[in-house]
Amino acid sequence: MRRAGQPPVVGEMAIGLLLGPSCLGWLWPRAQEWLLPASCLPYPGLLGGLGLLIFMFLVGHELRIGSLRAQSSTAAAVSMTSIALPLGLGTLLALGMYDSFAPEGVERLPFVLFIAVAMSITAFPVMARILVDRGMYRTPVGVLAPACAAFDDVTAWCLLAALVAVSSAGSPMEAVTTALSAVGFAVFMVAVVHPVLARLTARAERVSTDGMVLVVLFSGLCLSALATDLIGVHALFGAFLFGAVTPRGSRVIEVQSARLRAFAVPVLLPLFFVTTGLRADVGLLAADPVQWLWAGAVLAVAVPAKWGGGTGAARLAGRSWRDAMSIGALMNCRGLTELIVLNVGLGLGVTGQDLFTILVLMALITTAATSPALDRIRKGMPEDALEGGSAGRRAGGRGAAAGRRAGHRRRPRRGSASGAVESLDR
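Rules used throughout
- Residues numbered from 1 in each chain as written.
- Predicted model: local features only at pLDDT ≥ 70, side-chain atom pairs only at ≥ 80, totals over all residues.
- Heavy atoms only, no water.
- Helix = DSSP H or I, 4+ residues; strand = E, 2+ residues; numbered from the N terminus.
- Contact = heavy atoms within 4.5 Å.
- Areas by Shrake-Rupley, 256 points an atom, 1.4 Å probe, with all protein chains shown as cover.
- Axes fitted to C-alpha atoms, helices over the stretch in contact; angles between N-to-C directions.
- Left-handed = near helix turned anticlockwise from the far one by under 90°.
- Nonpolar A, V, L, I, M, F, W, Y, C, P; charged D, E, K, R; others polar.
- Buried < 20%, exposed > 50% of the residue type's maximum accessible area, 1.4 Å probe, protein only.
- Arc of directions from axis to C-beta.
- Lys, Arg positive; Asp, Glu negative; His and termini not counted.
- Salt bridge = Lys/Arg side-chain N within 4 Å of Asp/Glu carboxyl O.
- Phe/Tyr/Trp six-rings, centres within 6.5 Å; stacked < 30°, edge-to-face > 60°.
- pLDDT = per-residue confidence, 0-100.
- Core = buried A, V, L, I, M, F, W, Y, C linked by side-chain atoms within 4.5 Å.
- 1 Å grid on protein atoms, 1.4 Å probe; cavity = no way out; pocket = protein on both sides within 12 Å on 5 of 7 lines; lining within 4 Å.
- Points joined across faces, edges and corners; volume = space filled by probe spheres on them.
- Parallel < 35°, antiparallel > 145°, perpendicular 65-115°, else oblique.
- Patch = residues over 30% accessible without salt bridge, like charges linked within 9 Å, V, L, I, M, F, W, Y side chains within 5 Å.

Of the regular secondary structure elements, the chain holds 22 helices and zero strands. In the chain, the proportion of contacts linking residues at least 24 apart, taken out of those at least 6 apart, comes to 83%. For the chain, the computed accessible surface area is about 19500 Å², with 66% contributed by carbon and sulfur atoms.

Further remarks concern the packing of helix α15 (residues 289-316) against helix α16 (residues 321-331). Across the interface, α15 lies against α16 with an axial gap of 7 Å and an inter-helix angle of 145 degrees. Between α15 and α16 the crossing geometry is right-handed. Here α15 contributes Lys306, Trp307, Gly310, Thr311, Ala314 and Arg315 to the contact with α16, which in turn contributes Trp321, Ala324, Met325, Ile327, Gly328, Ala329 and Met331. The residue makeup of the contact of α15 with α16, split by class, is eight nonpolar, three polar and two charged.

Moving on, we get to the side chain of His61. Residue placement: His61 occurs in helix α4 (residues 42-62). In contact with His61, other than residues within four places in its own chain, are Gly243, Ala244, Thr246, Pro247, Arg248, Ile253, Glu254 and Ser257.

What follows deals with helix α19 (residues 370-377). Residues Thr370, Ser371, Ala373, Leu374 and Ile377 constitute the buried set of α19. All buried residues of α19 fall inside an arc of 160 degrees around its axis, so they share one side. Looking at the packing, one finds that the buried side of α19 touches α8 (124-134), α15, α16 and α18 (353-368).

On to the side chain of Glu338, then. You can see Glu338 is positioned in helix α17 (residues 335-348). It turns out Glu338 is buried and unbridged, and the closest side chain with the opposite charge, Arg334, is 4.4 Å from it.

Once that is clear, we can look at the packing of aromatic side chains. Here the structure, examined in full by the defined rule, presents four aromatic pairs. With centroids separated by 5.8 Å and ring planes inclined at 90 degrees, the aromatic side chains of Phe101 and Trp294 adopt a geometry described as edge-to-face. Taken together, the residues span a long stretch of sequence, with Phe101 in helix α6 (residues 72-101) and Trp294 in helix α15 at a distance of 193 residues. Taking the relative accessible area as the measure of exposure, Phe101 reaches 3% and is therefore buried. Relative to Phe273, the ring of Phe272 lies with its centre 5.2 Å away and its plane at 75 degrees, an arrangement referred to as edge-to-face.

The next subject is the confidence of the model for the chain. Overall, the prediction assigns the chain a mean pLDDT of 80, with 85% of residues at 70 or greater. Contacts of residues 383-426 to residues separated by more than four positions or lying in other chains number 47 contacts, the stretch itself having pLDDT below 50.

What follows concerns the nonpolar core. Within soluble globular proteins, side chains that are nonpolar tend to cluster in buried spots. Counting residues in each nonpolar core, the largest one holds 111 residues, and the members touching the most others are Met56, Phe111, Leu339 and Leu359. At 11 residues, helix α9 (residues 140-168) tops the list of elements feeding residues into this core. Those residues in contact with Met56 that sit more than four places away from it in its chain are Trp157, Leu236, Ala239, Phe240 and Ile340.

Moving on, we come to empty space enclosed by the protein. If a probe the size of a water molecule is rolled over the atoms, the empty space left behind becomes visible. With the rule as written, the count across this model stands at one cavity of 30 Å³ or more. There is about 50 Å³ of room inside the largest cavity. What lines the largest cavity is Phe55, Met56, Val59, Pro125, Asp153, Trp157, Leu336, Thr337 and Ile340. Elements that contribute at least two residues to the lining of the largest cavity include exactly α4, α9 and α17. Its residues placed into classes, the lining of the largest cavity shows seven nonpolar, one polar and one charged.

Here we take up the packing of α9 against α16. Their axes nearest at 10 Å, the elements α9 and α16 cross at an angle of 40 degrees. It follows from the interaxial angle that α9 and α16 lie oblique. Note on packing geometry: the crossing formed by α9 with α16 is right-handed. Listed contacts from α16 to Val141, Leu144, Ala145, Cys148, Ala149 and Asp152 of α9 are Asp323, Ser326, Ile327, Leu330 and Met331.

What follows is about a nonpolar patch on the surface. Side chains of Leu85, Leu89, Leu92 and Leu95 sit close together on the surface and give an oily, nonpolar patch of about 340 Å² of accessible area. One can find Leu95 in helix α6.

The buried count for α16 comes to eight of 11 residues, which makes it a mostly enclosed element. If you check which residues of α16 are buried, you get Asp323, Ala324, Ser326, Ile327, Gly328, Ala329, Leu330 and Met331.

So, about the environment of Arg315. Locating Arg315 in the fold gives a position in helix α15. Take Arg315: its relative accessible area is 33%, and that puts it in the partly exposed class. Each C-alpha atom of the pair Arg315 and Gly328 lies 9.9 Å from the other, and the pair is 13 residues apart in sequence. Look past the residues within four positions of Arg315 in its chain and what remains in contact with it is Ser320, Trp321 and Ala324.

Here Gly96 lies in helix α6. Relative accessible area serves as the criterion here: at 39%, Gly96 is assigned to the partly exposed category. Sequence-wise, Gly96 and Trp294 are 198 residues apart; in three dimensions their C-alpha atoms are separated by 10.0 Å.

In structure tokens:
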């Protein structure tokens, strides 16, 4: 998929679809049962879930609040618009889909909230990887789009936490209790765990205890995930929160995080996406042509709402049409973040297998369409034009010359956004 200019997650999802009931199970059921018997499927799912927890820890640790502040006004405006429009249209779509797709016993509110959140997701890591691959990470579009996606993801995770609380609670009071417990746990992590980790890190810098730091990080993310799971909010939030409170700028933390990353991201995390593809069954849609009409309706809402919202807000913020449309196309990239949300919804029982398959296809199509869309939008723009605007021309001359001298040997700075994305990808 990389050779075709696509993010790796597209290939990982496609492998699951090809080996699952959607393709191999439809063409040659006995081969699919022999290759992937039902008794073995829980194990790649378990390993993929562990990889996902480590990945969420890394995402929380790599989140740079300073980069959000630097782009706060424009990024917040673009992000809120690109969330509000899909949320509103997704809500209307969900109200129409409720009678056809809601599993038995699922209330209207969690179902509608799930569809609305699924429509509004942007995949920050996949978007950032696309920008790095295209050499756009230091252009104005490459700086603004990840900041918008970061705001978008923070908002989406809050909405997803609300969805989990509402779905898991048996009454409104239980939902409020879950929300308050989650806030209390977050305060505990910031006020207690962060200072303790800071002292342990300072001691580890003086004494060679790298192995112990790795144990602390891995155990801490697992225990934090367990805590949020017991509270009633998904385990992913605990791993993310532990990463967010882990001290930054420490050599020993960065080294041990890289060790976790080196195994979890290339080996464990792809199992999560393959398992997602195995869970989807396109055959369920083929059996009923009306399902394909609903799939078309989902795409008709998801793409214009997200792309149009991002483009319109960026244009109103003073960006050129090409830059605004580029930002809209990048915000429409859903990727792995969408798949995480879809698996949470399926695990909660908020959605059934048929709707899950429709939304997986939507995530696959919108992610795969991002790079070709950027090719079309940016076609004919020379590399110096990609620096964009007068600010890029003023600051870009010396940087571009230095970049040409350094060539491919230049490596991103530790802690920089591009370095974080490239290390996450490795």
